[in-house]
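Commentary on secondary and tertiary structure
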Number of protein chains: 2
Amino acid sequence: MEMASENPESVGFLSRGCCWFTSFMKNLASKLVLEPARTARSLAQEDPRRIIHSIKVGLAIALVSLIYYFDPLYEGFGVSAMWAVMTVVVVFEFSVGATLGRCVNRGIGTFIGGALGVAAHRLASCFGSEIVEPIVLAASIFIFAATGTFARFFPKWKARCDYGLLIFILTFCLISVSGYRDDEVIDIALTRLSTVMIGGSAALAICILLFPVWAGEDLHHLVADNIEKLGDFLEGFGDEYFKTLEDGNVNFAKWEFRHGKFRFRHPWGEYQKIGGLIRECAFRLDSLNGYLKSEVQAPQEIREIFQESCQTMSSESSHALKNMARAIRTMTSSYVAVAKSHIAIAKSAADNLKSLLKTNSWQQTDLLQIIPVITVASLLIEVVSSTVKIADSVHQLASLARFKKISEDDASKSDQRNTERILRSPSIEGSHGLTISVE
Amino acid sequence: MEMASENPESVGFLSRGCCWFTSFMKNLASKLVLEPARTARSLAQEDPRRIIHSIKVGLAIALVSLIYYFDPLYEGFGVSAMWAVMTVVVVFEFSVGATLGRCVNRGIGTFIGGALGVAAHRLASCFGSEIVEPIVLAASIFIFAATGTFARFFPKWKARCDYGLLIFILTFCLISVSGYRDDEVIDIALTRLSTVMIGGSAALAICILLFPVWAGEDLHHLVADNIEKLGDFLEGFGDEYFKTLEDGNVNFAKWEFRHGKFRFRHPWGEYQKIGGLIRECAFRLDSLNGYLKSEVQAPQEIREIFQESCQTMSSESSHALKNMARAIRTMTSSYVAVAKSHIAIAKSAADNLKSLLKTNSWQQTDLLQIIPVITVASLLIEVVSSTVKIADSVHQLASLARFKKISEDDASKSDQRNTERILRSPSIEGSHGLTISVE
């Protein structure tokens, strides 16, 4: 109190300092606690399997670390038990396929690297001289490490066994180098191999047995969702973007054995083809989107002439795409047939449009006014041809993966129910035929 | 000989067997030796830095493994010296930026993981009981491993320190687990940290000192090449595809310090923006490509009317794009100004085209015949507007990165020399205005 009354300036300084400190701490707390907490909650809500995955990883590592705590287990491996822990940490991935791929890669890489490491050590110890031995070892390490590193550039190997090559280099170096100080080099190699196998099997067991995440299933649904989104766009909601299908997804799916509805050797390659066609169709819809968003509009009377054909092409392609998404999602080939019937209608609408353009009723029109409508119409014709290609691919997938059949009546009825639901929704009332325009 | 005369059938069988064996061995040799050799040669020819990189990795590992061979060095670290070898194997990447990123991640991950591991070990040993200690350790491992794994899902962290989080989990588990069997837990942690630092610095030193590969430089040239390819397409060679710009490239570049022409804090983010615009322009060119490849052609007299404007738009955009590529490649801002003068011409050609469409000379024409030409024309108008956007971004990059200036005369002269070279080349004689068509 005395201090305060003596020097009011220093009080101001102190209180300002306090203020600054409080706001700084608040900022810090929001940066370090609140924001991460918010992100964490949204990540968990988006895909709750993320939390399950984290718990599974923690569990697997804690389980494998038990080797250290129980004397009977520890006596077998000694300090090498840490390789088991390390293996769990580095091989445990989100999906079963990715984990399996890393386990196989690590196992084979450790085996080949260990075997060649032992061989290099034997070769080097043949010379018996203390000067020659390290030179031979260092030279062999240089040769294998350089060759292995270059092999990682091979596109085929990079896709399949990049991690395996890394582990091969690692194990080769460790075994051949350790052999210099420890003559029981075969023991080292065998211990390393067995601990890696224990760690790998523990990771794999927990990954598969507790709430497994199958990359193949994700891929399957992603393709169906993307086709559905194309359909949604054509219905009038076109502002969603597409997650692209990376080659990695398909690679992981290939590692997975029979699970759920998917047999071993499920035609995963087909998904990649369909993914490419979806992207092609999406680009065309993107161009279409540009015209829809543009502010300049073509005159009403011109739009009315094109309206019917454009509406038919767009809505029938939409139905076709949605039926294909349903065919993939439910693994039922009958919906592909329904989709094809919609495509037939879309095609005849495209033909109508072409003959409409052939008539001479356009001679009195300002050409600039009809360009936007014609461009949209020709883009829609391209979208129809994209849809035909997607339908062919889905048909191929359905026959290769032996999708089940239901009676055509049931399929059509389910389609009609969906169509009615769509027609009742207000959002397609402002159809594209009405709003097309160009700069 | 006797055997042969006794049993001709067995001779036939034997010789067939020999034949089969020879062809099998030939096949095997071609699969295992010839094909990889061919791939290796083409990989090396495509980018000779791959061979240099492989040699650098071999050299770094062989150098670090020397720790094992020299007694004075080995006495300091003992078996832990293998962490140095491991670090070199896993952190050595193709570019300086990627290696630096992994080194920093590994260093910080090891430090934090080790410190928390020691803390967990201290906490567990407070209880002093042989039953409680492993339970506390296993529980702390579970908590940190699960939290660390969940943190890897955070988009920001995944981009920046995914590897660091992995190493954090790894080190934490190894240190806290080893501490149970070895009381000198701080020694273990310090040895691990110092060996990781030795391995990391050796990898980094060789990566930077011997023929360094800079991710930033690669990115810089990739952007310039992509713009150049857009220009090439518009000139008439449009069958090359585009390497896309992944976020990863930019991230690696951000790790790199000042090198060559690039200052620290070079605006790498701008490259990503330009990359997005290049892709947008490429999609439009792809649509254009579809029309160029189609076999149905619009009638000659219609094409002739549009020819001049279309040719001007295409060639002027091409010159503009090539000047921007030159601006980036030589880091000279004056070429951006030259590019803008080309864009101005392209824009006025677009305006001409629009007014041409407004005239009434089209009233006698079959509309279906002019659709393809009009579509190509409107796509070219879009390409011009894409070029304008790219020019704005490159201008922004040039001012942020302080590109050097040369006199405008010199820039224009260099542009003219290039223009003449282009005009002399026969491949643009069949310009797009002449071949545009649609299905």
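Predicted model only: the values in this text are computed from it and were never measured. The residue numbers shown here count from 1 along each chain, following its written sequence. Chain letters and ligand numbers both follow the written order, the letters beginning at A and the numbers at 1. pLDDT decides what is reported in this predicted model: residues at 70 or higher carry local features, side-chain atom pairs at 80 or more are listed and counted, and totals for whole chains, interfaces and linings draw on all residues regardless. By convention in this description, side-chain values take in all heavy atoms of the structure and omit both hydrogens and water.

1. Concerning helix α5 (residues 81–91) of chain A
This is how the line gets drawn: Note on exposure labels: buried denotes an accessible area under 20% of the residue type's maximum, exposed denotes more than 50%, and partly exposed covers the range between, all computed with a 1.4 Å probe on protein chains only. Secondary structure elements follow DSSP: runs of H or I of four or more residues count as helices, runs of E of two or more count as strands, with numbering from the N terminus.
The buried fraction of α5 of chain A amounts to 11 of the 11 residues, a majority that puts the element mostly inside the structure. For α5 of chain A, the complete set of buried residues consists of Ala 81, Met 82, Trp 83, Ala 84, Val 85, Met 86, Thr 87, Val 88, Val 89, Val 90 and Val 91 of chain A.

2. Details of the pattern of salt bridges
Residues and elements named next belong to chain B. What counts, and what does not: Salt bridge, as applied in this entry: a Lys or Arg side-chain nitrogen positioned within 4 Å of an Asp or Glu carboxyl oxygen.
Tallied over the full model, the rule gives 18 salt bridges over all chains. Where Asp 218 meets Arg 49, a salt bridge forms, and the shortest distance between an N and an O atom there is 3.1 Å. Taken as a pair, Asp 218 in helix α10 (residues 215–237) and Arg 49 in helix α3 (residues 49–69) lie far apart in primary sequence, 169 residues in all. In this structure Asp 218 comes out as partly exposed when scored by relative accessible area, which is 31%. Residue Arg 49 is classed as partly exposed on the basis of its relative accessible area, which comes to 29%.

3. Re helix α8 (residues 155–181) of chain A
All names here are of chain A. Defined as follows: To estimate how far a helix should extend, the number of its residues minus one is multiplied by 1.5 Å. One fitted axis covers the seven residues ending at a residue, a second covers the seven starting there, and the bend at that residue is the angle between these axes.
Over its 27 residues, α8 runs 37 Å from end to end, which matches the ideal 39 Å to within 8%, given 1.5 Å per residue. Its maximal kink placed at Cys 161, α8 deviates by approximately 85°. Counting buried residues along α8, 19 of its 27 residues qualify, which places the element largely inside the surrounding structure.

4. So, the UniProt feature "transmembrane region" (unreviewed entry) in chain A
All names here are of chain A. How we decide: UniProt positions are given in the numbering used here, feature names are shortened, and annotations may be inferred rather than shown by experiment.
Using the residue numbers shown here, the UniProt feature "transmembrane region" (unreviewed entry) corresponds to residues 51–70, 76–96, 131–151, 163–181 and 193–214. Taken end to end, residues 131–151 is 95% helix and 0% strand, and its two terminal C-alpha atoms sit 31 Å from one another. Each end of residues 163–181 is marked by a C-alpha atom, and these two atoms are 28 Å apart; helix forms 100% of the span and strand 0%.

5. What about the layout of surface pockets?
What counts is decided by this rule: A pocket here means an open set of points on a 1 Å grid, computed over the protein atoms alone, that has protein on both sides within 12 Å along at least five of seven lines. A cavity is instead a set of points where a 1.4 Å probe fits but cannot get out; residues with an atom within 4 Å of a point line either one. Grid points are joined across faces, edges and corners, and a volume is the space filled by probe spheres set on the points. The residue classification treats Ala, Val, Leu, Ile, Met, Phe, Trp, Tyr, Cys and Pro as nonpolar and Asp, Glu, Lys and Arg as charged. All others, Gly included, are polar.
In this structure, the second largest pocket encloses a volume near 820 Å³. Ala 151, Phe 154, Trp 157, Cys 161 and Leu 165 of chain B are the residues nearest the centre of the second largest pocket, which is lined by 27 residues in total. Elements supplying a minimum of two residues to the lining of the second largest pocket: α2 (8–46) of chain A together with α6 (96–127), α7 (132–151) and α8 (155–181) of chain B. Ranked by the residues each element gives to the lining of the second largest pocket, the list is headed by α8 of chain B, at eight residues. When its residues are assigned to classes, the lining of the second largest pocket shows 17 nonpolar, six polar and four charged.

6. Considering the relation of the copies chain A and chain B
For clarity, the cut-off: Superposition of the copies was done by least squares, using only C-alpha atoms of residues whose pLDDT is at least 70 in both. Residues are treated as being in contact if the distance between any of their heavy atoms lies within 4.5 Å.
Each copy of the sequence occupies a distinct position, and chain A is placed on chain B by a rotation of 180° and an axial shift of 0.1 Å, giving an RMSD of 0.2 Å. Considering both components of the superposition, the chain copies are consistent with a two-fold axis. Both copies contact each other with a shared surface, as 100% of the interface residues of chain A are interface residues in chain B too.

7. A closer look at the interface of chain A and chain B
Across the contact, 66 residues belong to chain A and 66 residues belong to chain B. The element contributing the most residues to the side of chain A that touches chain B is helix α3 (residues 49–69) of chain A, with 13 residues. The class makeup of the residues in the side of chain A that touches chain B is 48 nonpolar, 11 polar and seven charged.

8. Digging into the state of the cysteines
As used here, a disulfide is simply a covalent bond connecting the sulfur atoms of two cysteines. Put simply, the test is: By definition, disulfides here are pairs of cysteine sulfur atoms that lie within 2.5 Å.
Taken as a whole and judged by the stated rule, the model has zero disulfides over all chains. No disulfide involves Cys 281 of chain A; its sulfur sits 15 Å from the nearest other cysteine sulfur, which is in Cys 310 of chain A. Take Cys 207 of chain B: it sits in no disulfide, and the sulfur closest to it among the cysteines is that of Cys 103 of chain B, at 8.2 Å.

9. Some thoughts on a nonpolar patch on the surface
Residue and element names in this part refer to chain A. Worth spelling out the cut-off: Only residues whose relative accessible area exceeds 30% and that take part in no salt bridge are eligible for patches, with like-charged residues grouped when within 9 Å of each other and nonpolar side chains (Val, Leu, Ile, Met, Phe, Trp, Tyr) grouped when within 5 Å. Each accessible area value is a Shrake-Rupley result obtained with a 1.4 Å probe; residue values ignore everything except the protein chains displayed when judging cover.
Taken together, the side chains of Trp 20, Phe 21, Phe 24, Met 25, Leu 28, Leu 32, Val 33 and Leu 34 make up a nonpolar region of the molecular surface, amounting to roughly 820 Å² of accessible area. With respect to the secondary-structure elements, Leu 32 resides in helix α2. For Leu 32, a relative accessible area of 61% translates into the label exposed.

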